[in-house]
Amino acid sequence: MTTGQMGFFTDTTLCIGCKACEVACKQWNQLPDDGFRLTGMSFDNTGQLGASTWRHVAFVERPEALPGQGSPLDGAKLADGAFSWLMMSDVCKHCERAGCLEACPTGAILRTEFGSVYVQPDVCNGCGYCVSACPFGVVDRREDDGRAWKCTLCYDRLKEDLVPACAKACPTASIQFGEIGELKERARQRVEQLHERGVGEAYLYGADAVNQPGTEGLHAFFLLCDVPEKYNLPPDPVVPTKKLGESWRAMAWGIAGLAALAVGSVLSARSGP
Amino acid sequence: MAEAHPVGFRWVMEAKNRGATIIHVDPRFSRTSSVADLYVRIRPGSDIAFLGGLVRYVIENERYFKEYVLHYTNAATLIDERFRDTEDLGGLFSGWDPKEAYDPETWQYEGVGGVVPATGHKEVFAEKGAGRVDLRGVKVLRRKEDPTLQHPRSVFQILRRHFSRYTPEMVEDTCGVPQALFLRVAETLCQNSGRDRTSAFCYAVGWTQHTVGVQYIRTASILQLLLGNMGRTGGGILALRGHTTIQGSTDCATLYDLLPGYLPMPHAVQDAKLENYVRNNQPATHWWSEMPKYIVSLLKAWYGEAATRENDFGFGWLPQLTGNHSHMTTVADMADGKLKGYFVMGENPAAGSMNGALHRKGLRKLDWLVVRDFPLNETAEFWRTAPEIARGEVRTEDIQTEVFFFPAATHTEKDGSFTNTQRMLQWHHKAIEAPGDCRSDLWFAYHLGKRLKAMYAGSSLERDRGIQALTLDYPVLGPHDEPDVQAVVKEISGFTVADGKPVPGFTKLADDGSTACGCWIYSGVYADGVNQAARRKPRSQQSWVAPEWGWAWPANRRLMYNRASADPEGKPWSERKRYVWWDEAQKRWSGYDVPDFVADRPPSYRPPPDARGLAAISGIDPFIMQADGKGWLFAPSGLLDGPLPTHYEPLESVIPNPIYPEQQCNPARDEYPRRENPYHLPYDDPRFPYVITTYRLTEHHTAGGMSRWLSWLCELQPEMFCEISRELAREKGVENAGWVTITTARAEIECRVLVTDRFKPLRAGGRVIHTIGLPYHWSYVGRITGDPANELIPFVADPNVSIQESKAFTGNLRPGRLSFGRRAATDGVELRQPEPPFSPPRDKPGVRDPKYLPAQEPPK
């Protein structure tokens, strides 16, 4: 059986936007559709991650060249205007420090033996604290039952030694599943390879705590070629509870200040004329 | 390829990761473009100009693979002195006759008097050599050659002159491709071809669906032959087919003019006897001279003991052609009331084929229609929910057609094989029982045949002998009497009649009735009584060629014509590209793959000039199916629209032909001039000023018959839309995600619009050209519906293979939902209002019958 800290490395330079991950996820997890509406946002008609969309492919059309991705590697300008079409399969990040898990008052959200963050549907009471605690906007409540749903890292498949449905279906190895340490090593080599080939833009998003202190690193991290905002990712996500100590300290100072003020005002009143 | 074949595209991505350069040439910036190293935006319908430019670049800069070209192609062969090129005749070749067809007599090799092509449909199209034994390549070994390639009538010099117009400047003006980009493509391709490196071309139906579709592929073939990229690893031209096992269905054989294994369908008049058929089709030399063995074995497979030498092995019982019965011709005949019944199996012509309204008109004129599919698709529902019914132009109660719908089993509900683009058969096993009345196609065809046999059992008419003699003796299994598919595979693969033992391959077939084989190219798929297609040996347990994964025709060869992977002496061109070679010690061909050559024929062998059959194959003839064993840079026969590819504009174009101003279109195109099928002929016409091209999206499959019923796919692409550039949107006042109405001479549809930088206007023919992109996945039944793009497309065809021109035609776009759903096929009023004032000629004077064309002079 698979053991250890498992996760996803999603290499956006290999994504062809086929959405096989979205469909495989919905099929395996038997998730309903999100309605049939054309958004007008390139080829993205599911919009975002949600209660019934646990993989979501973003399509970003941008008027900039990206070497090897529709533009010549040597930067030569050969055709009409710079353009590239970025695609990224987004998913729950299974943060090292997970806001949802820390916010959950019922213990419905737990960290599994694979290092993934899992919502137990039979314990969840639908309070929604996790929804606001996720810095990525991943967790979502389903309208009909009110409970919170998100990617399980295919916990049921991992128990059977199968890779998650999305990674299994990905035809181009854009979604790679494996042991986190190995994935990080592979990701670093990939960034180096891309830099050597002239894709200086490539970098890792959320690969570790240094890279992303607000989450202390992601179990589902990404190789990107533009600022995170372009992919609808926060540039500096911070788990709310990360600042808990800080806010308690701030509050303590505030209370102390108020107390001092109160004491001061009493004293000054006493010492009045 | 990433768009329509994402799973196959994984290997392209793998190659890219290993350092391969990906070049993508397409009118739209697609998912494939998004990961390509070079994206080339091209004007729809101009690919011959682009490829022709590459051919010229390779020749003029002497970048061709000289040894390969000299020995393995017909470059050195001299052509008949009466031959005239498009350069001499202003866009036409010699041999054009007033019957709107070419006579290829002047295209032949000098001193040969006719070369028979590898396979062909001579009976129908009366190619040179039909019925004349003296012209069937008997003298092909006496052809004249100039090994210096300098003779003005050598194929090489003809090729050079023919493509001399296709300069980078001309490519830019015709295709809209900037010269710098074109030159970058040319240089990349040349640098990556030669002894040590190869380049591959992948194409899908976007290349074929033109009035010059076959010549697109021909141009790529010429280029690949010049660069030495055929018959070698990492080379070739890969046809990505539009559906699963379309390759298998052509092999085995669903086209109207073919029997299994690309044997021509007999012609009713010319082939009264087997002897005539053989005489009309068998070349004197090289591998196709073996075809009598294949036809006789086919007849033995179908008619069994009833087929004897005395009765011509039942040859006369085969269906015989009386003319062109291709798709569009059949539907046009149907609309004229000439057809009584129609089987539609696994196809959805009412939504998936060109000019759907004309198709539905045809369906309304039938006595009966049988549809076999998973859902009740548009073809099955044409009498109930079609647009013309919804608009009240046609009333259901007036339709006499009796419609039978048979639910079909899916591939997971039956055993069978898929043949993929590299000719590999892979077996799939039944996973679950089909629900309810759903049955396999095999079940349907078998039981239909059984019932017909019962019906005709008592007939004494000679014409019913064919049905009576059909063997149809497969064992049946299970509660529904499903025929044993293994028995069918065995019959396809072939066996010796005396003992029923499977043959090892087609080299063991005979023409005396001692063997039976349902499809000679598949012979060996059941060798040793084992279903070879079901083999799944992991790659870790065999060589990188993986010969024990599935089975590939012919003879389990994974790479066809692989003799060309070795040099004339039989040594690999380079160590890196080592594949098949001559083993001098063993006196045999050897290699990683099954050599595609006569196993013990040494490279030094040269046939005597009067050699026949396989003895005529020289040691340096890799292309053994051709009558001369060479790759044809110049095709002396087999093509109806010229021996060399020539850029002609699509029938509907917005500009005059920049390369051949005198001849606008393919002179040999098949037109269907009908009231329901009007063409828009004038160019530079403000009423239809834009180019429309159609295509697929990853999220749906063809006309949506399978994908628009599945919510997980529906949500990914829920609505019909078109794609246009920002520039066109601004010009027309269209907003992203808004509604537009698109009109052609045939129909108008409405859809949403994506305004995107992936589409850009380009400059060609001295003007700015806007392209409208249309996915064709939607129609009027299903979970999600939308207007079908195919309603817009005309009936007009490539003359060689009768494919429609759906990748380039003209239309207009207006903002808003203004469609009245008009169809030229049902309104009775042509959409072309007002009538075109006049149209410049599409052809040189006298080339085609002007009867159906609009006035060519402005009215006084």
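Position numbers for residues start from 1 in each chain and track the written sequence from start to end. Chain A is the first chain written and ligand 1 is the first ligand written, with later ones labelled in order. Confidence filtering applies because this is a predicted model: local features only for residues at pLDDT of at least 70, side-chain atom pairs given and counted only at 80 or more, and all residues used for totals across whole chains, interfaces and linings.

## Some thoughts on the overall build of chain B
The helix and strand tally for chain B stands at 24 helices and 30 strands. Radius of gyration means the value over C-alpha atoms here, while the globule rule gives 2.2 Å times the residue count to the 0.38 power. Radius of gyration (C-alpha) of chain B: 27 Å, near the 29 Å computed for a compact globule of 860 residues. By principal-axis analysis of the C-alpha atoms, chain B measures approximately 75 × 70 × 55 Å. Here, residues touch in the contact sense if the C-beta positions derived from the backbone fall within 7 Å of one another. Intrachain contacts of chain B at a sequence separation of at least 6 include 70% that bridge at least 24 residues. Under the DSSP-based scheme used, a helix requires at least four consecutive residues in state H or I and a strand at least two consecutive residues in state E, with every element numbered from the N terminus.

## Structural notes on the overall build of chain A
Scanning chain A from N- to C-terminus turns up 7 helices and 10 strands. Dimensions of chain A along its principal axes, counting C-alpha atoms only, are 85 × 50 × 40 Å. Excluding contacts between residues fewer than 6 apart, the proportion of contacts in chain A whose partners are at least 24 apart in sequence is 63%.

## A closer look at the packing of helix α8 (residues 168-175) of chain B against helix α9 (residues 179-191) of chain B
Residue and element names in this part refer to chain B. The convention used is that axes are lines fitted to C-alpha atoms, helices contributing only their stretch in contact, and that angles between N-to-C directions extend from 0 to 180 degrees. One can describe the packing of α8 onto α9 by two numbers: an axis separation of 9 Å at closest approach and a directional angle of 115 degrees. At the point where α8 passes α9, the crossing takes the right-handed sense. Every residue of α9 that contacts α8 at Pro-168, Glu-169, Val-171 and Glu-172 is listed here: Gln-179, Phe-182 and Leu-183. Residues belonging to the contact of α8 with α9 are distributed by class as follows: 4 nonpolar, 1 polar and 2 charged. A clockwise turn of the near helix away from the far one marks a right-handed crossing, whereas an anticlockwise turn of less than a right angle marks a left-handed crossing. When residues are sorted by character, Ala, Val, Leu, Ile, Met, Phe, Trp, Tyr, Cys and Pro go into the nonpolar class, Asp, Glu, Lys and Arg into the charged class, and all the rest, Gly among them, into the polar class.

## Focus: the domain arrangement of chain B
Many analyses report the size of an interface as the accessible area lost when the parts associate. Residue and element names in this part refer to chain B. Delimitation of the domains relies on an automatic or database domain assignment. Under the domain assignment, chain B is made up of domain 1 (327-456) and domain 2 (670-852). Relative placement of domain 1 and domain 2: their C-alpha centres are 25 Å apart. Facing 28 residues of domain 1, the contacting portion of domain 2 comprises 28 residues. Only α15 (327-335), α16 (349-352), α17 (356-364) and α18 (387-390) provide two or more residues apiece to the side of domain 1 that touches domain 2. A per-class count over the side of domain 1 that touches domain 2 returns 13 nonpolar, 8 polar and 7 charged.

## Description of the pairing of strand β25 (residues 748-755) of chain B
Residues and elements named next belong to chain B. Of all 8 residues in β25, 7 are buried, a share of seventy percent or more. The pairing criterion for strands is at least two bridges between them, as found by DSSP. By the bridge criterion, 5 bridges tie strand β24 (residues 739-743) to β25 in an arrangement that is antiparallel. By the bridge assignment, Val-740 is partnered in β25 with Cys-751. Following β24, the chain reverses through 4 residues before pairing antiparallel with β25. Between the buried cut of 20 or more and the exposed cut of 12 or fewer other C-beta atoms within 10 Å of a residue's own C-beta lies the partly exposed class, and all C-beta atoms are placed from the backbone.

## Thoughts on the sheet that holds strand β10 (residues 220-224) of chain A
Residues and elements named next belong to chain A. Strand order in the open sheet made by the 4 strands is β8-β1-β10-β9, with mixed pairing throughout. Edge strands, defined here as strands with exactly one partner in the open sheet, are β8 (175-179) and β9 (203-205). Going across the sheet, the axis of each strand differs from the next one's by a mean of 25 degrees, ignoring polarity. Direction of pairing for β9 relative to β10: antiparallel, over a ladder of 3 bridges. The residue of β10 that forms the bridge with Leu-204 is Leu-223.

## Side note on the environment of Gln5(A)
Residues and elements named next belong to chain A. Relative to the assigned elements, Gln-5 resides in the segment before β1 (6-11). Judged by C-beta crowding, with 16 C-beta atoms within 10 Å, Gln-5 ranks as partly exposed. Residues Gln-5 and Phe-114 lie 109 residues apart in sequence; the distance between their C-alpha atoms is 4.9 Å. Not counting the four nearest positions on each side in its chain, Gln-5 is found in contact with Gly-115, Glu-179 and Ile-180.

## Focus on the interface of chain A and chain B
Facing the 35 residues of chain A at the interface are 41 residues of chain B. Where the side of chain A that touches chain B is concerned, the elements lending two or more residues are α1 (20-29) and β3 (84-91) of chain A. Here the side of chain A that touches chain B gets 5 residues from one element, more than from any other, and that element is α1(A).

## Considerations on unusual backbone geometry
Note: most peptide bonds trans; most residues except glycine with negative phi. Between Cys252(B) and the following residue, Ala253(B), the backbone shows a cis peptide bond with an omega angle of -10 degrees. For Ala253(B), the position within the fold is in the loop between α12 (246-251) and β7 (258-259). Cis geometry marks the peptide bond from Trp553(B) to Pro554(B), where omega comes out at -10 degrees. Within the element layout of this structure, Pro554(B) appears in the loop between β18 (551-552) and β19 (580-583). The phi dihedral of Asp161(A) falls on the positive side, at around 65 degrees, and the residue is not glycine. With respect to the helices and strands, Asp161(A) occurs in the loop between α4 (155-159) and α5 (165-169).

## Remarks on the environment of Met625(B)
Locating Met625(B) in the fold gives a position in the loop between β20 (588-591) and β21 (670-671). Sequence separation of Met625(B) and Tyr561(B) is 64 residues, and the distance between their C-alpha atoms is 9.1 Å.

## Remarks on α8(B)
In an α-helix, one turn spans 3.6 residues, which is why side chains three or four residues apart end up on the same side. All names here are of chain B. Burial in α8 covers these residues: Val-171, Glu-172, Asp-173, Thr-174 and Cys-175. Looking at the buried positions of α8, the neighbouring elements they touch are α3 (47-60), α9 and β26 (762-764). Immediately downstream of α8, the backbone of Gly-176 shows phi near 75 degrees, a positive value.

## A short note on α3(B)
All names here are of chain B. Between the first and last residue of a helix there are one fewer steps than residues, each counted as 1.5 Å, and that sum is the expected span. With 14 residues, α3 extends 20 Å between its outermost C-alpha atoms, agreeing within 8% with the 20 Å of an ideal straight helix rising 1.5 Å per residue. Along α3, the positions that sit buried rather than exposed are Asp-47, Ile-48, Ala-49, Phe-50, Leu-51, Gly-52, Gly-53, Leu-54, Val-55, Arg-56, Tyr-57 and Val-58. Against β1 (23-26), α8, α9, α10 (205-208) and α11 (213-226) lie the buried residues of α3. Downstream of α3 by a residue or two, Glu-62 has a phi angle that is positive, lying close to 50 degrees.

## Considering the environment of Thr77(B)
Residue and element names in this part refer to chain B. Considering the arrangement of structural elements, one finds Thr-77 in the loop between α4 (66-72) and α5 (86-89). For Thr-77, a count of 27 C-beta atoms within 10 Å translates into the label buried. Distance in space between the C-alpha atoms of Thr-77 and Ile-389 is 60 Å, their sequence separation being 312 residues. If sequence neighbours within four positions are ignored, Thr-77 has contacts with Tyr-109, Arg-143, Glu-145, Ser-154 and Val-155.

## Description of the domain arrangement of chain A
Domain assignment breaks chain A into domain 1 (6-238) and domain 2 (243-273). Between the C-alpha centres of domain 1 of chain A and domain 2 of chain A there is a distance of 46 Å.

## Points about the packing of α15(B) against α17(B)
Residues and elements named next belong to chain B. Look at α15 against α17: their axes get within 7 Å of each other, and the N-to-C directions meet at 55 degrees. Classified by the angle their axes make, α15 and α17 are oblique. Here α15 runs over α17; the crossing is left-handed. Across from Val-331, Met-334 and Ala-335 in α15, the residues of α17 making contact are Leu-358, His-359, Lys-361 and Gly-362. The scheme is simple: roughly parallel for angles under 35 degrees, roughly antiparallel for over 145, roughly perpendicular for 65 to 115, oblique for anything else.

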